[in-house]
Amino acid sequence: MEVRTRFAPSPTGYMHLGNLRSALYTYLFAKANGGKFILRIEDTDQSRYVPGAVDVIYRTLKSIGMQWDEGPDIGGDYGPYVQSERKNMYLPYAEQLVKAGKAYYCFCTEEELAERREQAAARGETFKYDKHCLHLSQEEIQRRLDAGEPYVIRQNVPEHGEASFDDVLYGHIAVDCSDLDDMILIKADGMPTYNFANVIDDHTMGITHVMRGNEYLSSTPKYNLLYDAFGWEKPTYIHMTPIMRDATHKLSKRDGDAYFEDYINKGYLKEAIVNYVALLGWNPGDEREFFTMDELIKAFSVDGMSKSPAIFDVNKLTWMNAEYVRRLTPEQFTEYALPYYKKAGVGAEHADLLARILQQRTETFAQIPDMLDFIPQLPDYDVELFTNKKSKTNPEIAKHVLEIAIAALDALPAWEEQPIHDALLGLAEKEGMKNGTMLWPVRIALAGKQVTPGGAIEIAILLGREESMRRLKVGLEKLA
RNA sequence: GGUCCCGUGGUCAAGUGGUUAAGACACCGCCCUUUCACGGCGGCUACAGGAGUUCGAAUCUCCUCGGGAUCACCA
């Protein structure tokens, strides 16, 4: 039988990393088994409607290479794929259950329920619906229905016995039916509850493997009761762990860094995010850490999925992103970096050089403006910077170095890397000093900061002859 | 609170009765070096606790503790 999995997000306008990972595993599982990956939009809660939110889902999934085989935009044999367009499918199924005695009409109002719930709480008990309306006579039910009284349809959970299901990861999970509540299937407005809609949708769409968040672990036995009531074949269940912010909290929107978009905006590469997230809660069984989408499909297996939640470590994501950045071609690097050069006020005329010095030290592209901040304007720096033990420099030595460096550079016919390099290093040799002793003061004078991407020579090129000479002289003045 | 799930270093994790308990990130040190970074080498740190079963337990069982989920006419 062909494997069919589904990703069923609510359109909120953002792609939560936890959802992204669930979608990814769901996709990988389908593809690893030669199956189909279906996209279903769960938009029944119109109060949460966000314009354009569905497009965010489409765009994000597509951009990371997760193409669905059936979905709202491309159709398929099991449509419609938007839940709000399926809304009149559910009631008949519920009525079928009522006829079979597996569900029943309930006329208890929300107010009554709330009151009984309060009373139960006062006694320190957990409220459970008492099947009051199950015992209504056929005549009374019909009379109240005819009278147009509002009603819901509830699942009739057996009073005794066991409800259970088998999860690929968690194994056999069983609960006593007496612990289960008669959950509402159809609401007073005629719409299905999420739980019911899910069962119906998954079955009618031929979903063979239901992969979803861990939070459904405790309600799944009830779902299986429904499958049994219908006489349907149950899907295989695979419940997935959440991504955590720390040991006790899920990654949530309140943290401001729970969304895929957050990281894109911070200058992370989408491939790195996907790669990292894939490894949070799954491992390939070998030492590999870097995967393209195709490689993930080949390597993916449920065996590698973790049963315990994983804490999101931005440190490791950043490391992985840096690895991806280094693997870019210089041209690709420049393409990504360009907006950040602009932000820094740095032109792209030395793009090759910039890529050469920046690529090895860029963890996220958002770091670039800070790294280049000294280029548009010389920072106001302290002479203390000319002192460096390892390079064996101090203000006195620096003064001498700058004097001879200015003379030597001034005499250069061309402002190019090789001549500058030869001039400066030649000078160091002639003076009998370490290269560092020669180059430290020059770099400090050129950049006005202690840490720079690239060395004195690269910076001289980036600044150009005129600005470089000016800055060297400013440095000399500071030392006078 | 009831029910269910989870528990190997700071983090991700390998491990399925016999291992010096992998590896990666982070951290620390050294080397390289034109600062930083990259790169190379090395180091630190873990089986939640307790009973059992067994010749032998991170691995099996039970209890305790810790954490999470769920108990809606929300999805």
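Residue positions within a chain follow its written sequence, with the count starting from 1. Ligands are numbered from 1 and chains lettered from A, in the order in which they are written. It should be noted that, the model being predicted, local features are given only for residues of pLDDT at least 70 and side-chain atom pairs only at 80 or more, the latter also being counted only at that level, while totals for whole chains, interfaces and linings use all residues. To get the side-chain values, take all heavy atoms of the structure and skip hydrogens and water.

*Asks:* Quick question: what am I supposed to make of the pairing of strand 8 (residues 209–213) here?
*Replies:* Where a strand is regular, its side chains alternate between the two sheet faces. The buried label applies to any residue whose accessible area, calculated with a 1.4 Å probe on protein chains only, is under 20% of its type's maximum; exposed applies above 50%, and partly exposed to all values in between. Each helix is a run of DSSP H or I of at least 4 residues and each strand a run of E of at least 2, with the numbering of both proceeding from the N terminus. Among the five residues in strand 8, five count as buried, and that is most of the element. For strand 8 and strand 9 (residues 236–240), the ladder comprises five bridges, and the chain directions are parallel. Residue pairing for strand 9: V210 is matched across the bridge by Y237. Whether two strands pair comes down to DSSP finding at least two bridges between them.

*Asks:* Any chance you could explain the protein's contact with RNA strand B here in plain terms?
*Replies:* Residues are classed as near a molecule or strand on a simple rule: at least one heavy atom within 4 Å of it. Surrounding RNA strand B, one finds 59 residues, the nearest of these being K187, N283, R361, G454 and I457. Protein-proximal atoms of RNA strand B, defined as those within 4 Å of the protein, fall in sugar or phosphate at a share of 67%. Polar contact criterion, stated in full: a pair of N or O atoms within 3.5 Å, where within protein one must be able to donate a hydrogen and the other to accept it, and residues adjacent in sequence count only if both atoms are side-chain atoms. In this structure, a sugar or linking oxygen belonging to RNA strand B sits 2.6 Å away from a side-chain N or O atom of Q360. At 2.5 Å, a backbone N or O of G454 approaches a base oxygen of RNA strand B. When residues of the surface near RNA strand B are traced back to their parent elements, those giving at least two are helix 4 (110–122), strand 6 (171–176), helix 6 (194–204), strand 11 (310–311), helix 11 (314–326), helix 17 (435–447) and helix 18 (456–463). Only Asp, Glu, Lys and Arg are considered charged in this grouping, and only Ala, Val, Leu, Ile, Met, Phe, Trp, Tyr, Cys and Pro are considered nonpolar; every other residue, Gly among them, is considered polar. Here the residues of the surface near RNA strand B sort into 21 nonpolar, 21 polar and 17 charged.

*Asks:* Before we go on, may I ask you to explain the state of the cysteines in this structure?
*Replies:* Any covalent bond linking the sulfur atoms of two cysteines counts as a disulfide. Here, the term disulfide refers to a pair of cysteine sulfur atoms separated by no more than 2.5 Å. Overall, the coordinates contain zero disulfides when judged by the stated rule. No disulfide involves C106; its sulfur sits 3.8 Å from the nearest other cysteine sulfur, which is in C133. Of all cysteine sulfurs, the one in C106 lies closest to C177, which takes part in no disulfide; the gap is 19 Å.

*Asks:* How do you make sense of the side chain of E42 when you look at a structure like this?
*Replies:* Along the chain, E42 falls in the loop between strand 2 (36–39) and helix 2 (53–63). Within the structure, the side chain of E42 is placed 3.0 Å from the side chain of R40, a separation counted as a polar contact. Note on contacts: a residue pair qualifies if any of its non-hydrogen atoms lie within 4.5 Å across the two residues. Not counting the four nearest positions on each side in its chain, E42 is found in contact with A8, P9, S10, P11, Q83, Y194 and N198.

*Asks:* What is the right way to look at the packing of aromatic side chains in this model?
*Replies:* Pairs of aromatic rings are described using the distance from one ring centre to the other and the angle between the two planes. Aromatic pairing here means that ring centres of Phe, Tyr or Trp (its six-membered ring) are within 6.5 Å. Orientation follows from the plane angle: under 30 degrees is stacked, over 60 is edge-to-face, and everything else is tilted. For the coordinates displayed, the defined rule picks out 23 aromatic pairs. Here the aromatic residues Y25, W282, F291 and F300 are joined through ring pairs into a cluster of three or more. A ring has a charge above it when a Lys NZ or an Arg CZ is no more than 6 Å from the ring centre and no more than 35 degrees off the ring normal. It is R4 that lies over the ring of Y78; its NZ or CZ is 4.0 Å from the centre. Over the aromatic face of W440 sits the side chain of R443, whose NZ or CZ is 5.0 Å from the ring centroid.

*Asks:* Which parts of the structure should I look at to understand the pairing of strand 2?
*Replies:* Of the pairings in the sheet, the one linking strand 1 (residues 4–7) to strand 2 comprises four bridges and is parallel in character. Looking across to strand 2, one finds that T5 is bridged to F37. For the handedness criterion, the strands are oriented away from the viewer, and a crossover whose path from the first strand over the helix to the second runs clockwise is classed as right-handed. For the handedness criterion, the β-α-β arrangement of strand 1, helix 1 (residues 17–32) and strand 2 is classed as right-handed.

*Asks:* Hey, could you run me through the nonpolar core in this one?
*Replies:* Here is a general trend for soluble globular proteins: nonpolar side chains tend to be buried in one another's company. Counting residues in hydrophobic clusters, the biggest one holds 110 residues, and the most contacted among them are L17, F333 and I368. Examining the composition of this core, we find that nine residues originate from one element, helix 1, more than from any other. Excluding residues that lie within four positions of it along the chain, I368 makes contacts with F333, A337, Y340, Y341, L358 and T362. Note on terminology: a nonpolar core comprises buried Ala, Val, Leu, Ile, Met, Phe, Trp, Tyr and Cys residues joined through side-chain atoms within 4.5 Å. If you look at the next biggest cluster of nonpolar residues, it comprises 40 residues, including A103, A120, M205 and W232.

*Asks:* When you look at the sheet that holds strand 3 (residues 103–106) in this model, what are you seeing that I'm missing?
*Replies:* In sheet architecture, strand pairing relies on hydrogen bonds along the backbone and comes in two forms, parallel and antiparallel. Strand order in the open sheet made by the three strands is 3-4-7, with antiparallel pairing throughout. Because the sheet does not close on itself, it has two edges, and the strands there are strand 3 and strand 7 (184–186). Between one strand and the next, the sheet's axes are offset by a mean angle of 40°, whatever the strand orientation. Relative to strand 7, strand 4 (residues 152–155) runs antiparallel, the two sharing two bridges. In the sheet register, R154 faces strand 7, and the bridge partner there is I184. Between the N-to-C directions of two axes lies an angle of 0 to 180 degrees, each axis being a line fitted to C-alpha atoms and, for a helix, fitted only over the stretch in contact.

*Asks:* What should I look at first to understand helix 7 (residues 220–230) in this one?
*Replies:* In an α-helix there are 3.6 residues to a turn, and that puts residues three or four apart on one side. Within helix 7, nine of the eleven residues are buried, which leaves the element mostly enclosed by the surrounding structure. Residues of helix 7 that are buried include every one of T220, P221, K222, Y223, N224, L225, L226, Y227 and F230, and no others. Within two residues after helix 7, G231 carries a phi angle of roughly 75°, on the positive side.

*Asks:* Is there a simple way to think about the packing of helix 6 against helix 7 in this case?
*Replies:* Packed helices, taken two at a time, are described by the angle between their axes plus the distance between the axes. Put simply, helix 6 and helix 7 touch, their axes get as near as 10 Å, and they point 55° apart. For the element pair helix 6 / helix 7, the angle class is oblique. Both helix 6 and helix 7 take part in a crossing whose hand is right-handed. Each of N195, F196, V199, I200, D202 and H203 in helix 6 lies in contact with helix 7, whose residues at this interface are Y223, L226, Y227 and F230. When describing relative orientation, an angle under 35 degrees is termed roughly parallel and one over 145 degrees roughly antiparallel, while 65 to 115 degrees is termed roughly perpendicular and anything else oblique. Take the far helix as your reference; a near helix turned counterclockwise from it by less than a right angle gives a left-handed crossing, and one turned clockwise gives a right-handed crossing.

*Asks:* What am I meant to see in the pattern of salt bridges here?
*Replies:* We define a salt bridge as a contact between a side-chain nitrogen of Lys or Arg and a carboxyl oxygen of Asp or Glu at a distance within 4 Å. Going through the model one piece at a time under the given rule, you end up with 27 salt bridges. Where D201 meets R86, a salt bridge forms, and the shortest distance between an N and an O atom there is 2.7 Å. Of this pair, D201 sits in helix 6 while R86 is found in the loop between helix 2 and helix 3 (90–99), placing the two residues 115 residues apart along the sequence. Given the relative accessible area of 0%, D201 is considered buried. Across the salt bridge formed by R326 and E323, the nearest N and O atoms sit 2.8 Å from each other. With R326 and E323 both in helix 11 and three residues apart, this pair spans about one turn of that helix. For R326, a relative accessible area of 31% translates into the label partly exposed.

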